[in-house]
Amino acid sequence: MASELEPEVQAIDRSLLECSAEEIAGKWLQATDLTREVYQHLAHYVPKIYCRGPNPLPQKEDMLAQHVLLGPMEWYLCGEDPAFGFPKLEQANKPSHLCGRVFKVGEPTYSCRDCAVDPTCVLCMECFLGSIHRDHRYRMTTSGGGGFCDCGDTEAWKEGPYCQKHELNTSEIEEEEDPLVHLSEDVIARTYNIFAIMFRYAVEILTWEKESELPADLEMVEKSDTYYCMLFNDEVHTYEQVIYTLQKAVNCTQKEAIGFATTVDRDGRRSVRYGDFQYCEQAKSVIVRNTSRQTKPLKVQVMHSSIVAHQNFGLKLLSWLGSIIGYSDGLRRILCQVGLQEGPDGENSSLVDRLMLSDSKLWKGARSVYHQLFMSSLLMDLKYKKLFAVRFAKNYERLQSDYVTDDHDREFSVADLSVQIFTVPSLARMLITEENLMSIIIRTFMDHLRHRDAHGRFQFERYTALQAFKFRRVQSLILDLKYVLISKPTEWSDELRQKFLEGFDAFLELLKCMQGMDPITRQVGQHIEMEPEWEAAFTLQMKLTHVISMMQDWCASDEKVLIEAYKKCLAVLMQCHGGYTDGEQPITLSICGHSVETIRYCVSQEKVSIHLPVSRLLAGLHVLLSKSEVAYKFPELLPLSELSPPMLIEHPLRCLVLCAQVHAGMWRRNGFSLVNQIYYYHNVKCRREMFDKDIVMLQTGVSMMDPNHFLMIMLSRFELYQIFSTPDYGKRFSSEITHKDVVQQNNTLIEEMLYLIIMLVGERFSPGVGQVNATDEIKREIIHQLSIKPMAHSELVKSLPEDENKETGMESVIEAVAHFKKPGLTGRGMYELKPECAKEFNLYFYHFSRAEQSKAEEAQRKMKRQNREDTALPPPVLPPFCPLFASLVNILQSDVMLCIMGTILQWAVEHNGYAWSESMLQRVLHLIGMALQEEKQHLENVTEEHVVTFTFTQKISKPGEAPKNSPSILAMLETLQNAPYLEVHKDMIRWILKTFNAVKKMRESSPTSPVTETEGTIMEESSRDKDKAERKRKAEIARLRREKIMAQMSEMQRHFIDENKELFQQTLELDASTSAVLDNSPVVSDMTLTALGPTQTQVPEQRQFVTCILCQEEQEVKVESRAMVLAAFVQRSTVLSKNRSKFIQDPEKYDPLFMHPDLSCGTHTSSCGHIMHAHCWQS
């Protein structure tokens, strides 16, 4: 077969080689209808050069194509020999100041962390080494292919936009100069003609969808019966499936099949069979049949060889256009004009539009070629870059829909060009104002997430594999929104304001669909059967985190925008929770003479959601009102009087109560999905727009309402209202309910609630909440991370939140708070906290996990012991609140707070009668310390006109009123100072008493002469002024001390006996004669044990508690309790057999319990020992 073809092929080659490019170009110059002439030439020669057999011969094809097809075009374009024409064009051209080098896959790229406007601005290696950025902080990455070098783009760099190579051109070049002035009119006309024809031909043939016939003006006179069976790439089938299918379909070796599969994966398509139509159709049917069992079949087409030939030349032509325009900016400008010129069909009829909109129908190789052409032409010409950006934005929705339904990776989609357009600040602003780009992106995103619940919220439950795949692709739209917002505007026009706020409205609609999504209800009784889908919602939250932060940054840069955004956000929140009562019945709470109306709501019984983005965005905007001082400049423009603080705090408070209850072990039966959600809620990736904003929202609420009302609502939500509102409830509670789980749960909830109050008062390091700046915030983060242990640079960076530019801000402040300890021969260099920063350590820092908190506490106490200091860890001195949040400190001196503190201290004083914990007491001591520090600062900063209204010291000195007559908080602290069971906290109590006396002294002295005195003399001076109240207080303390000592002795005796039961048992056995009689029954000793009869010995039963491994419920083993079982494996055993050769005839009827004396076989039962409820095991 091959030998017959050879002479014919050689003859064709000879006729082709005899063609003269100069003659053909001359003929075209004379032609009246150039398009027809060129098309006839292509129709005749392209099928003779390309696709002449089963295997492509690229080098030969390229050589002939250059000679016969591209040569004449070059001659025509130059009007002379291109070997002379192109160098002339190049010489006349003013070189571009843009580098524009397109990166290959794996090529190194460099981004300057100091000067790049955003992380997508990169340099190629050559430009980087010749730029000023090589001496800056830079980030080096490898390219995924498809991007290009931004050297010379002044919008991409804050300074140093040019390297040495491209800097030469900046003095001569003028931005607005038309590059066509360097070309003669003849060249312009000819270039325009040939580019228009060739670009149209390439687009037409690449987007051609018929498989057996060509466009009319390219059809051949005589058509051969030669076809290709063309296999296309997809991202669904694996290499193995494709190789196996090809071996069966085209009867090739495994090596050939691997070659085919590799080419298909790389180029997007490959012919796997060449021959007549029937021969190729047969292979197609086998491939389709073999690959359509589980998924959609592989895409296969039987294509006529002439169509494949023209498509191959079309790709060659696009590459050729890309190389030609490199000779002159004028040629590039002409190609851009041709590409963007509207066709006869109006909207979307330009060649560029046609290519973009056919993107998902093209194969991988064709996409790569035309994307590269766009990058070297449209994106390198500043005028046409804008026009292309407009076309891209107009078609955005359709391009993204095509991408979502397509299965190719993002880098092979035209949608990926968004990074080249949207990250240019001037283009992004233009597209927002002229094309309403923000709204388009957000609405396109929401159109693809149509799965909603009855309330219109996103629902990700029971996502099919297809929906999950689609969701992953839709996330790229969030990245586009991030690109648009990454550069903040410095100047606002009215149009930009209007369009940004329209986009903000759309964004609020998106957040509204997330507000309250994935609600959860506490599982009671049995463990949850199927873990709910939670990852999709958190993925969405993580992707949006930076976008939400950037939205706030945009709002912060303009006062009018901020005010409008705040109003809009508040309106949407009111829509979400206008009836925040959810039909719950109203109740009235009252403690210490204060009453508040709220609703009956239990987090442990109702639905609760961790997703509250609208509330959190409002919290962020509220802080910006304070930070930018808009709240004080234009109070009349803000709806602050319309705010309902109870409505604002309700949902964030529920979320924080949920976390507390999970920590208390109340949601154990909800499985790991909830544990994971709580983990991410606090995690460094999400916390900035989740946990942190919930704290801010509560701070906002407290600063606008009576702190007593807030605390009562908080007690109600934590389900602790009964304990603190009813006198002696704690005593009754601990005596009535012996179930230790409930006691433990309540203790943990009280600890968590106190921790939350500490956070609300102490977390004022966000600019806008406290009078601090951003560097103070990052310093504090670093101080607390290094308080746990010295850390390496990488470890420290991971623990700090990144902004949208992947920066943590660590480098700017690390020198101020830490020393760098260089590594030894092995190991890593470590940052160690400077000793003077230890005073800023806060044990209850809100970003500590439980484990980190205990490690930090241990490390700090150890350090204090080494320095011979007392081990108290007092609260640090805090910066003052901003005026908008200033009233927040009053929570510390509110009546309900004092009642909570007093109650817990009372429990600690009379520690036998109550269920309380040391952690609870430690938190109360911390709160008292915070209040004293606050009062001390108020007194130090007071001016003559002002009176200090913060009077915590006076309030804790007053004893309780009748009828309770409880001792004052101060009296109880003095009692606890000597309590032997509180050894760990003595230093802290001592510090509190010292500080109290210092503050009292400051109060007594006049405000004009503030007193600074040494701690040693404070105690002596305070003991001098004894008055009536003091004597009464001392008598009260003495009485309490006596009661406490008696109770203590009795407790110690009981505790000792419980601890040493075995010792007592032995004593009884040795000395039966002197032992006392217990429970009116004979003594339990070996001599006198009576099994039956009236004098039967009463042996105390050992109570046994076991935990079911399925529902995690603890239960006492009793006859009347629910049945507990063990899983067991019963098998035959011949361990003790005396006759191993015996065979059991009928095993079904054989009774293993009645054995033959030879013990031929027995039974062996084994169990893992894990205990379960019988009903749990059955279900």
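This text goes with the structure placed above it.
Everything numeric here is computed off the predicted structure, so don't read it as measured data.

Reading guide: rules and limits
Residues numbered from 1 in each chain as written. Predicted model: local features only at pLDDT ≥ 70, side-chain atom pairs only at ≥ 80, totals over all residues. Heavy atoms only, no water. Helix = DSSP H or I, 4+ residues; strand = E, 2+ residues; numbered from the N terminus. Buried < 20%, exposed > 50% of the residue type's maximum accessible area, 1.4 Å probe, protein only. Contact = heavy atoms within 4.5 Å. Expected span 1.5 Å × (residues − 1). Salt bridge = Lys/Arg side-chain N within 4 Å of Asp/Glu carboxyl O. Core = buried A, V, L, I, M, F, W, Y, C linked by side-chain atoms within 4.5 Å. Bend = angle between axes of the 7 residues up to and from the residue. Axes fitted to C-alpha atoms, helices over the stretch in contact; angles between N-to-C directions. Phe/Tyr/Trp six-rings, centres within 6.5 Å; stacked < 30°, edge-to-face > 60°. Lys NZ or Arg CZ within 6 Å of the ring centre and 35° of its normal. Patch = residues over 30% accessible without salt bridge, like charges linked within 9 Å, V, L, I, M, F, W, Y side chains within 5 Å. Areas by Shrake-Rupley, 256 points an atom, 1.4 Å probe, with all protein chains shown as cover. Pairing = 2+ DSSP bridges. Disulfide = S-S within 2.5 Å. Parallel < 35°, antiparallel > 145°, perpendicular 65-115°, else oblique. Left-handed = near helix turned anticlockwise from the far one by under 90°. Nonpolar A, V, L, I, M, F, W, Y, C, P; charged D, E, K, R; others polar.

### Remarks on the overall build of the protein chain
Next up, step 1: Scanning the protein chain for helices and strands turns up 47 helices and 13 strands.
Next up, step 2: Across the 1179 residues of the protein chain, 51% fall into the buried class.
Next up, step 3: Across the protein chain, contacts joining residues at least 24 apart in sequence account for 75% of those joining residues at least 6 apart.

### Describing helix α15 (residues 364-376)
Next up, step 1: Helix length check: α15, at 13 residues, gives a terminal C-alpha distance of 19 Å against a target of 18 Å (1.5 Å per residue), a fit within 8%.
Next up, step 2: For α15, the buried fraction is high: 10 of the 13 residues fall into the buried class.
Next up, step 3: Each element contacted by the buried residues of α15 is listed here: α8 (185-206), α10 (254-267), α12 (305-324), α13 (329-340), α14 (351-357) and α16 (382-394).

### Let's talk about the pattern of salt bridges
Next up, step 1: What the rule picks out here adds up to 48 salt bridges.
Next up, step 2: The closest approach of N and O atoms between Glu 1116 and Lys 1118, which form a salt bridge, is 3.7 Å.
Next up, step 3: By relative accessible area, which is 15% here, Glu 1116 ends up buried.
Next up, step 4: What emerges from the salt-bridge pattern is a single network uniting Arg 113, Asp 114, Arg 137, Arg 139, Glu 807 and Glu 811.

### Observations concerning the nonpolar core
Next up, step 1: Counting 287 residues, the largest nonpolar core has Phe 195, Phe 313, Phe 388 and Phe 500 as the members making the most contacts within it.
Next up, step 2: If we ignore the near neighbours within four places in the chain, the residues touching Phe 313 are Leu 42, Val 46, Tyr 50, Leu 69, Leu 70, Met 73, Met 198 and Tyr 201.
Next up, step 3: Counting residues in each nonpolar core, the second largest holds 21 residues, with Ile 243, Val 264, Val 272 and Ile 287 among its members.

### What about the side chain of Glu 857?
Next up, step 1: Summarising the element assignment, Glu 857 is placed in helix α38 (residues 850-866).
Next up, step 2: Take Glu 857: its relative accessible area is 19%, and that puts it in the buried class.
Next up, step 3: For Glu 857, the contacting residues outside a window of four places in its chain are Phe 841, Leu 843, Leu 873 and Gln 922.

### Looking at helix α28 (residues 645-663)
Next up, step 1: An ideal rise of 1.5 Å per residue puts 27 Å on 19 residues; α28 measures up with 27 Å between its terminal C-alpha atoms.
Next up, step 2: A maximum bend of about 30° is found in α28 at His 651, where proline Pro 652 lies one to four positions downstream.
Next up, step 3: The buried fraction of α28 is high, at 17 of 19 residues.
Next up, step 4: Remark: Gly 665 follows α28 within two positions and exhibits a positive phi of approximately 80°.

### Some details on the packing of helix α17 (residues 396-405) against helix α22 (residues 476-485)
Next up, step 1: At their nearest, the axes of α17 and α22 sit 11 Å apart, and the two run at 145° to each other. Touching Tyr 396, Gln 400 and Tyr 403 of α17 are Ser 476, Leu 477 and Asp 480, all from α22.

### Structural notes on the packing of aromatic side chains
Next up, step 1: Scanning the entire structure with this criterion turns up 35 aromatic pairs.
Next up, step 2: Taking 5.1 Å as the distance between ring centres and 75° as the angle between the ring planes, the aromatic pair formed by Tyr 370 and Phe 374 counts as edge-to-face. Linking Tyr 370 with Phe 374, this pair stays in helix α15, spanning 4 residues, or about one helical turn.
Next up, step 3: Phe 374 sits in the buried class, given a relative accessible area of 1%.
Next up, step 4: Ring plane angle 65° and centroid distance 6.4 Å describe the contact between Trp 916 and Tyr 981, whose orientation is recorded as edge-to-face. Taken as a pair, Trp 916 in the loop between α39 (895-909) and α40 (918-940) and Tyr 981 in the loop between α42 (969-976) and α43 (986-1004) lie far apart in primary sequence, 65 residues in all.
Next up, step 5: Judged by relative accessible area, Trp 916 falls into the buried class, the value being 16%.
Next up, step 6: One aromatic cluster in this structure is built from Tyr 370, Phe 374, Phe 388, Phe 392, Tyr 396 and Phe 422.
Next up, step 7: When the ring centre of Trp 363 is taken as reference, the NZ or CZ atom of Arg 269 above it lies at 3.7 Å.
Next up, step 8: Just above the ring of Tyr 279 sits the side chain of Arg 273; from NZ or CZ to the centre is 4.0 Å.

### Focus: a nonpolar patch on the surface
Next up, step 1: A cluster of nonpolar side chains, Val 1135, Leu 1136, Met 1155 and Leu 1159, forms an exposed patch at the surface whose accessible area comes to about 400 Å².
Next up, step 2: Its location among the elements puts Met 1155 in the loop between β12 (1124-1133) and β13 (1162-1173).
Next up, step 3: Overall, the relative accessible area of 39% leaves Met 1155 in the partly exposed class.

### A short note on the environment of Ile 334
Next up, step 1: Mapped onto the secondary structure, Ile 334 falls in helix α13.
Next up, step 2: Overall, Ile 334 belongs to the buried group, its relative accessible area being 0%.
Next up, step 3: Measuring from C-alpha to C-alpha, the distance between Ile 334 and Ala 196 comes to 9.2 Å, with 138 residues separating the pair along the chain.
Next up, step 4: Ile 334 has contacts with Leu 180, Leu 183, Ile 188, Thr 191, Tyr 192 and Phe 195, leaving out every residue within four places of it along the chain.

### A closer look at the sheet that holds strand β3 (residues 227-232)
Strand pairing in a sheet relies on backbone hydrogen bonds. The paired strands run either parallel or antiparallel.
Next up, step 1: If you walk across this open sheet you meet the 3 strands as β4-β3-β5, and the pairing is antiparallel. Edge positions in the sheet fall to β4 (269-275) and β5 (300-304), since each has one partner strand and no second. Looking at each pair of strands side by side, their axes are set apart by 30° on average, direction ignored.
Next up, step 2: Sheet topology note: the β3/β5 ladder contains 5 bridges and is antiparallel. From the neighbouring strand, Tyr 227 faces β5, where its bridge partner is His 304.

### Observations concerning the state of the cysteines
Next up, step 1: As enumerated under the stated definition, the model contains 0 disulfides in all.
Next up, step 2: Its sulfur unpaired, Cys 115 is 3.7 Å from the next cysteine sulfur, which belongs to Cys 112.
Next up, step 3: Here Cys 115 falls in the buried class, since its relative accessible area comes to 2%.
Next up, step 4: As a non-bridged cysteine, Cys 1176 has Cys 1108 as the owner of its nearest cysteine sulfur, 4.0 Å distant.
Next up, step 5: Cys 1176 sits in the buried class, given a relative accessible area of 11%.

### Observations concerning the packing of helix α24 (residues 535-556) against helix α26 (residues 613-627)
Next up, step 1: The contact between α24 and α26 brings their axes to 10 Å, and the two run at 30°. In terms of orientation, α24 lies roughly parallel with respect to α26. Both α24 and α26 take part in a crossing whose hand is right-handed. Judged by residue contacts, Ile 548, Gln 552, Cys 555 and Ala 556 of α24 engage Leu 617, Gly 620, Leu 621 and Leu 624 from α26.
Next up, step 2: Grouping the constituent residues of the contact of α24 with α26 by class yields 6 nonpolar, 2 polar and no charged.

### Quick notes on unusual backbone geometry
Next up, step 1: Positive phi is not limited to glycine here, since Cys 51 has a value of about 60°.
Next up, step 2: Checked against the element boundaries, Cys 51 lands in the loop between α3 (34-49) and α4 (58-78).
Next up, step 3: The exposure class assigned to Cys 51 is buried, which follows from its relative accessible area of 9%.
Next up, step 4: Of note in this structure, Glu 629 is not a glycine but carries a positive phi near 65°.
Next up, step 5: Here Glu 629 lies in the loop between α26 and α27 (630-633).

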